[in-house]
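Observations on chain architecture
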Amino acid sequence: MGNRCIEVSLVSRGVTATARLLDDRAPLTCAAVWDALPLVGDVYHAKYARNEIYALFPPFAEAEPPLENPTVTPIPGDLCYFSFAGTELGTKAYGYDREVRAGTTVVDLALFYERNNLLLNGDVGWVPGIVWGEVVEGLAELAEACNDLWRNGAAGERLAFRAL
């Protein structure tokens, strides 16, 4: 399993980076994501964590991975996995264009593209994420596209993950 890589893309902007899976640090999460690839979803820019883009997916693992290789201070290039109950994301403050309901689970796959991130949410407190990958090529171009997404909007943009 050593050195498995994926492509992370902002589809409409045509920007792609390469990330290495951290199989040695988050083996269950890496296996769950790898087995679900390819994954593509509407992209969102974080409100609370600062320099983060992410997409939401229905659960895809047989069982949600445990909190392996956790962080509340992701660094540039970190790929993080979060699992939320629908009630945690069900307020309009998050800006989702679809209803996220109680009784559902939502998987959030995130990319952190710049420094000074803190996973502290005003509604629920600390939100540790599982670091399951790291961007090893193309982060500068992807960060530039993420800043454009922040300034000019995410509408119509998709975040894609696929195996290499």
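Being a predicted model, the structure only gives us computed values, none of them experimental. (Residues numbered from 1 in each chain as written. Predicted model: local features only at pLDDT ≥ 70, side-chain atom pairs only at ≥ 80, totals over all residues. Heavy atoms only, no water.)

1. A short note on the pattern of salt bridges
Heads up, the rule is: Between Lys or Arg on one side and Asp or Glu on the other, a salt bridge is scored when a side-chain nitrogen of the former is within 4 Å of a carboxyl oxygen of the latter. Helix and strand labels come from DSSP, where a helix needs a run of H or I of at least four residues and a strand needs a run of E of at least two; each type is numbered from the N terminus. For every residue, the accessible area obtained with a 1.4 Å probe (protein chains only) is divided by the maximum for its type, and the residue is called buried under 20%, exposed over 50%, and partly exposed between those limits.
Counted by the stated rule, this structure contains six salt bridges. Of the charged contacts in the structure, one is a salt bridge between Arg162 and Glu7, with a shortest N-O distance of 2.9 Å. Of this pair, Arg162 sits in strand E11 (residues 158-163) while Glu7 sits in strand E1 (residues 5-10), and the two are 155 residues apart along the sequence. The class of Arg162 is partly exposed, set by a relative accessible area of 39%. Overall, the relative accessible area of 18% leaves Glu7 in the buried class. What you see here is one network of salt bridges that share partners, running through Arg13, Asp148 and Glu157.

2. Considering the packing of aromatic side chains
Working definition: an aromatic ring pair is given by the centre-to-centre distance plus the angle between the planes. The cut-off we apply is this: Centres within 6.5 Å make a pair out of two Phe, Tyr or Trp rings, where for Trp the six-membered ring is used; the pair is then stacked when the planes are under 30 degrees apart, edge-to-face when over 60, and tilted otherwise.
Across all of its chains, the model carries four aromatic pairs by this definition. Ring geometry for Tyr44 and Tyr54: centres 5.6 Å apart, planes at 25°, overall stacked. One end of the pair, Tyr44, is in strand E3 (residues 39-45); the other, Tyr54, is in strand E4 (residues 52-57), with 10 residues separating them in the sequence. Aromatic side chains Phe82 and Phe84 sit 6.0 Å apart centroid to centroid with 15° between the ring planes, which places their arrangement in the stacked category. Overall, the relative accessible area of 5% leaves Phe82 in the buried class. Judged by its relative accessible area of 11%, Phe84 is buried.

3. Some remarks on the state of the cysteines
Where we set the bar: Pairs of cysteine sulfur atoms within 2.5 Å are what we label disulfides.
Following the criterion strictly, the structure yields zero disulfides and no others. Summary of cysteine pairing: Cys30 is not part of a disulfide, and the nearest cysteine sulfur, belonging to Cys5, is at 11 Å.

4. What about the environment of Ala85?
Within the element layout of this structure, Ala85 appears in strand E6 (residues 78-85). A relative accessible area of 33% places Ala85 in the partly exposed class. Here the alpha-carbon distance between Ala85 and Val107, two residues 22 residues apart in the chain, equals 9.0 Å.

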